[in-house]
Amino acid sequence: MEEEELDRIAVDRCLQGDVDAFGVLIERYQRPVFNTVLHMVGDAEDAREVCQQAFMKAFEHLASYDRERKFFSWIYRVAVNESINHLKARKPHETLDERLQHPRANPAERFEELEEWTHLHEAIMNLEPNYRAVVILRHFVHFSYNEIAEILNLPEKTVKSRLFTARQQLREALEAKGHGHQ
Amino acid sequence: MAISDEEVVKQLESVPQVEPPDMRAAVMGRLRSAASQAAPPAKSRRHVLAGLAWAAAIVIVVAVVYVERNSLPWEHTEATMAPLPFDRWKVVTRIGVPQEGRLTVRRNGDQFAIQPFAFNGEPISVAWDQKKLDMSDVLSDTGGPEVVILRKKNGASGWAVIQLNIGGHEVLKTAISID
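Keep in mind that what you see is a predicted model, and the values were worked out from it rather than measured.

**Structural notes on the overall build of chain B**
Summing up its helical and strand segments, chain B has 3 helices and 9 strands in all. Put simply, chain B runs from its N terminus to its C terminus through helices and strands in the order α-α-α-β-β-β-β-β-β-β-β-β. Per-residue burial over chain B gives 46% buried out of 179 residues. When contacts within chain B are restricted to residue pairs at least 6 apart in sequence, long-range pairs at least 24 apart make up 55% of them. Roughly 8,900 Å² of accessible area belongs to chain B as shown, and the carbon and sulfur atoms make up 51% of that amount.

Written as C-alpha cells, this is what we have:
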C-alpha cells in the first residue's frame, strides 16, 4: 500500500474519532517536518515546540484538510506557516546572531555539532523566511518544484524564481565569509 | 573569491538530517489533555473546546498588567524574587500569535516561570490548571510584564494547560509536561 493511501486511512480514522491514528501520522512525518522547521527557526528547542504546535494545529483542522491533496503537502504547509509565525513573534531584540552565539541546550545536540556548516547556516538564517522555506524544501527535503509550489501555494515559476534569488544570496554570503576559490 | 551555484547546491545537499526528539508521545499527550472530553476533530471543535475545556477545571486567573512606561500599580507588590533568576531556567515552550502576544514557559525543577508578553501593550492575564499547579510567586522586576511562578502540586503529573489572555480575550493556550 502506498504511503498516500496509508495517510488517507489514518486521516479517516482520526475523523471517525480514533485519536491514536494521528500518532501514526506524527511518527511518519516527524523527522522530515522537524528538520524543515529546525532549519526555518534555527534553534532545536524552538523547532521542537513549533513542530508540536504544527501537529496539534493539523489535528485541530483535520476536518478542513482537502482530501484530494496529498497529506504530506498539507502538513508541510502547516509546519512552514507555523515556523514563519514563530519567527514573526520572536522578540525584536532577540537577534539571530545572539541566538547562534548562545545556543540553548536542546534535544538535538548534533545540530550544534555541525561546526563546518555554521557559515551556511548563518547565511540561510539571514534569508527572508519565504525564501528560506523554498531552499529548505528543495535542498534539505528534496521536494520537486511542483511539490514545493503545492506546499507553499505558489505558482511553480515563483518557486523557481525565489530559489534562484535565495541561492544567489547564499552564494554572496558565503563569498563574504571567504568561501570559494580565487 | 567566487563560489559557483553548483557549489552552493552541493553544500546545501550535504547537510545531514538531524534525528528529531520523539514528538509522538508529547503531541498525543497534549491532544488528549486539551481535548480529552471533546469530540474528534470537526469544524465545531473550537466551539466545543471553548465551552468545555475550562469548565471542568478550576482556573485561577491572575491579572498581570503590562504597561511600558506609564505603568499602573502592580497588583502583586508583595511578590519576592525567586532564588534563581527565572531567565536562566530552561525554556520548555515559547509560542506566539502574530500581532497579539507570546508566552514563554521556563522550568526549574518543580517550578515553572510563566512569562507573558503583549505586542500592543494591552492588559495581560494568565490562567492555569489549578488542579496541577499552584502559584508560588510573581516577579515584577523583570523589565517587562510580570512573571508568574507556578509550582507543581504534590502528586501531579502529565500535562497542564496554560492560557494567555490579552485585552480580555484568549490569545493562545498551550499544554506543558509537568513530569
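Moving on from the coordinates now.
**Focus: the nonpolar core**
Residue and element names in this part refer to chain A. Counting 65 residues, the largest nonpolar core has Phe 22, Val 33, Phe 71, Tyr 76 and Leu 137 as its most contacted members. When residues of this core are sorted by domain, at least three fall in each of domain 1 (1-94) and domain 2 (98-182). Other than its neighbours up to four places away in sequence, Tyr 76 contacts Pro 32, Val 33, Thr 36, Leu 137, Val 141, Phe 143 and Ile 151.

**Observations regarding unusual backbone geometry**
All names here are of chain A. Positive phi outside glycine occurs at His 142, with the angle close to 60 degrees. Position of His 142 relative to the elements: it lies in the loop between α8 (129-140) and α9 (145-152). Since its relative accessible area comes to 49%, His 142 is described here as partly exposed. Unlike most non-glycine residues, Asn 153 shows phi in positive territory, near 60 degrees.

**Quick look at the environment of Ile162(B)**
All names here are of chain B. Checked against the element boundaries, Ile 162 lands in strand β8 (residues 159-166). Here Ile 162 falls in the buried class, since its relative accessible area comes to 0%. Taking the C-alpha atoms as reference points, Ile 162 and Val 105, separated by 57 residues in sequence, lie 9.1 Å from one another. What Ile 162 contacts, discounting residues up to four positions off in sequence, is Leu 103, Ile 114, Val 126, Ala 127, Trp 128, Leu 133, Leu 150, Leu 172, Lys 173, Thr 174 and Ile 176.

**Re the packing of aromatic side chains**
Residue and element names in this part refer to chain A. Applying the stated criterion across every chain yields a total of 8 aromatic pairs over all chains. Arranged with centres 5.9 Å apart and planes meeting at 55 degrees, the rings of Phe 71 and Trp 74 form a pair that is tilted. Placement of both Phe 71 and Trp 74 in helix α4 (residues 71-89) is noted, with a separation of 3 residues, approximately one turn of the helix. When its relative accessible area of 16% is taken as the criterion, Trp 74 is described as buried.

**Some points on helix α2 (residues 20-41) of chain A**
All names here are of chain A. At Gln 30, α2 shows its strongest bend, of approximately 55 degrees, with the proline Pro 32 following within four residues. Across the 22 residues of α2, 17 count as buried, placing the element largely inside the fold. Positioned one or two residues after α2, Gly 42 has a phi angle of 75 degrees, which is positive.

**Here we look at the environment of Arg88(B)**
Residues and elements named next belong to chain B. Following the sequence through the fold, Arg 88 ends up in the loop between β1 (59-64) and β2 (90-97). Accessibility expressed as a relative area gives 67% for Arg 88, which makes it exposed. In sequence terms Arg 88 and Asn 108 are 20 residues apart; their C-alpha atoms lie 8.8 Å from each other.

**Notes on the pairing of strand β4 (residues 111-118) of chain B**
Walk down a regular strand and you will see the side chains alternate between the two sheet faces. Residue and element names in this part refer to chain B. Of all 8 residues making up β4, 7 are buried, and the element is well covered by its neighbours. Sheet topology note: the strand β3 (residues 101-108)/β4 ladder contains 8 bridges and is antiparallel. Bridge assignment links Arg 107 to a residue of β4, and that residue is Phe 112. Counting the residues in the hairpin turn of β3 and β4 gives 2 residues, including Gly 109, whose phi is positive at 65 degrees.

**A short note on helix α3 (residues 44-60) of chain A**
All names here are of chain A. A rise of 1.5 Å per residue sets the reference length of α3, with its 17 residues, at 24 Å; its end C-alpha atoms lie 24 Å apart and thus fit the reference within 8%. Taken across its 17 residues, α3 has 15 buried, putting it largely inside the fold. Between a side-chain oxygen at the N-terminus of α3 and the backbone nitrogen of Glu 45 the separation is 2.9 Å; the capping residue is Asp 43.

**Things to note about the packing of α8(A) against helix α10 (residues 156-176) of chain A**
Residue and element names in this part refer to chain A. Where α8 meets α10, the closest approach of the two axes is 9 Å, and the angle between their N-to-C directions is 95 degrees. One finds that α8 runs roughly perpendicular with respect to α10. Residue-level contacts link Asn 130, Tyr 131, Val 134, Val 135, Arg 138 and His 139 of α8 to Val 159, Arg 162, Leu 163, Thr 165, Ala 166, Arg 167 and Leu 170 of α10. Per-class residue counts for the contact of α8 with α10 are 7 nonpolar, 3 polar and 3 charged.

Thresholds, definitions, all that
Residues numbered from 1 in each chain as written. Chains lettered and ligands numbered in written order. Predicted model: local features only at pLDDT ≥ 70, side-chain atom pairs only at ≥ 80, totals over all residues. Heavy atoms only, no water. Helix = DSSP H or I, 4+ residues; strand = E, 2+ residues; numbered from the N terminus. Buried < 20%, exposed > 50% of the residue type's maximum accessible area, 1.4 Å probe, protein only. Contact = heavy atoms within 4.5 Å. Areas by Shrake-Rupley, 256 points an atom, 1.4 Å probe, with all protein chains shown as cover. Core = buried A, V, L, I, M, F, W, Y, C linked by side-chain atoms within 4.5 Å. Domains from an automatic or database assignment. Phe/Tyr/Trp six-rings, centres within 6.5 Å; stacked < 30°, edge-to-face > 60°. Bend = angle between axes of the 7 residues up to and from the residue. Pairing = 2+ DSSP bridges. Expected span 1.5 Å × (residues − 1). Polar contact = N/O pair within 3.5 Å; in protein donor to acceptor, adjacent residues only side chain to side chain. Axes fitted to C-alpha atoms, helices over the stretch in contact; angles between N-to-C directions. Parallel < 35°, antiparallel > 145°, perpendicular 65-115°, else oblique. Nonpolar A, V, L, I, M, F, W, Y, C, P; charged D, E, K, R; others polar.

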